[in-house]
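Coordinate analysis (summary)
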Amino acid sequence: MIFEDAPTPHHPIEHPNGDLHQWFMYKCMEVHQGEMKLLKCINILRIHNDRWLPDQLLANFQLGKAIQIENLHKTFLLIDLPIGGKKNILMDFLLDQCFAHGTSTNGLPQDHFQLSQAILAINSMVQFSYRWMEEIARQLNQTEALPLLKENLRIENEIGNRLMAWSTTSHKEKM
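Report follows, based on the coordinates. (Residues numbered from 1 in each chain as written. Predicted model: local features only at pLDDT ≥ 70, side-chain atom pairs only at ≥ 80, totals over all residues. Heavy atoms only, no water.)

Structural notes on the nonpolar core
In terms of nonpolar packing, the biggest core is built from 40 residues, with F24, F61, C98, I122, Y130, M133 and L163 touching the most fellow members. Of all the secondary structure elements, the ones that give two or more residues to this core are α1 (20–48), α2 (55–78), α3 (89–102), α4 (109–139) and α5 (146–174). In terms of residue count, α4 provides more of this core than any other element does, twelve residues in total. Setting aside anything within four residues of it in sequence, one finds L163 in contact with L57, F61, I119, L120 and N123. (Core = buried A, V, L, I, M, F, W, Y, C linked by side-chain atoms within 4.5 Å. Buried < 20%, exposed > 50% of the residue type's maximum accessible area, 1.4 Å probe, protein only. Helix = DSSP H or I, 4+ residues; strand = E, 2+ residues; numbered from the N terminus. Contact = heavy atoms within 4.5 Å.)

Below is the structure:
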């Protein structure tokens with residue numbers, strides 16, 4: 001099978017130089033970069049998209065992202081990593097899709113559906129990233145970082161539940 005050697009939290013593969021810690025740091029940097037871009041995207045959506053996304057949902061989303069970024073900054077300090085980001089091509093693609101459909105001016109229901117699916121895909125990707133980071137932190141005995149990562153995962157799950165509720169109710173209303 002092509003993915004049998006793919007890394008997962010239960011089947012980690014060390015970085016070519018044998019340093020799982022470095023791989024953990026790269027993931028922290030990727031998630032940080034994605035969270036920063038996502039926060040910027042949310043700010044833009046709040047300006048452009050008052051007809052589809054409830055302001056309270058965006059405000060909660062924005063607050064959650066701000067807390068998660070702060071927790072990531074603390075994690076960076078705990079693992080002795082300079083605060084910075086690393087490009088994540090998939091996150092960039094999803095954010096581009098989110099921005100394209102969120103700032104669309106034609107107001108078609110399919111744009112709303114595509115926007116909600118892009119936001120939910122981003123949320124799922126970030127949830128999996130936090131789960132992976134939490135598991136690797138546990139393996140690396142990064143006990144100080146574990147509560148921060150657990151809190152970020154809890155926030156992301158809560159955001160995901162709210163987004164899912166919004167997505168399903170708003171699609172019923174549009175049909």
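After presenting the structure, the write-up continues.
Quick notes on the side chain of N123
Locating N123 in the fold gives a position in helix α4. Among the polar contacts made by the side chain of N123, one reaches the side chain of Q127 at a distance of 2.7 Å. (Polar contact = N/O pair within 3.5 Å; in protein donor to acceptor, adjacent residues only side chain to side chain.)

Digging into the pattern of salt bridges
Considering all chains together, one arrives at eleven salt bridges under this definition. Close ionic contact of R138 with E134 constitutes a salt bridge, the shortest N to O distance being 3.2 Å. Separated by four residues within a single helix, R138 and E134 lie in helix α4, roughly one turn from each other. On the basis of relative accessibility, which here comes to 12%, the residue E134 falls in the buried class. Here E151 and R154 are joined by a salt bridge, their closest N and O atoms 2.7 Å apart. Taken as a pair, E151 and R154 lie in helix α5 at a separation of three residues, close to a single helical turn. Residue E151 is classed as partly exposed on the basis of its relative accessible area of 29%. (Salt bridge = Lys/Arg side-chain N within 4 Å of Asp/Glu carboxyl O.)

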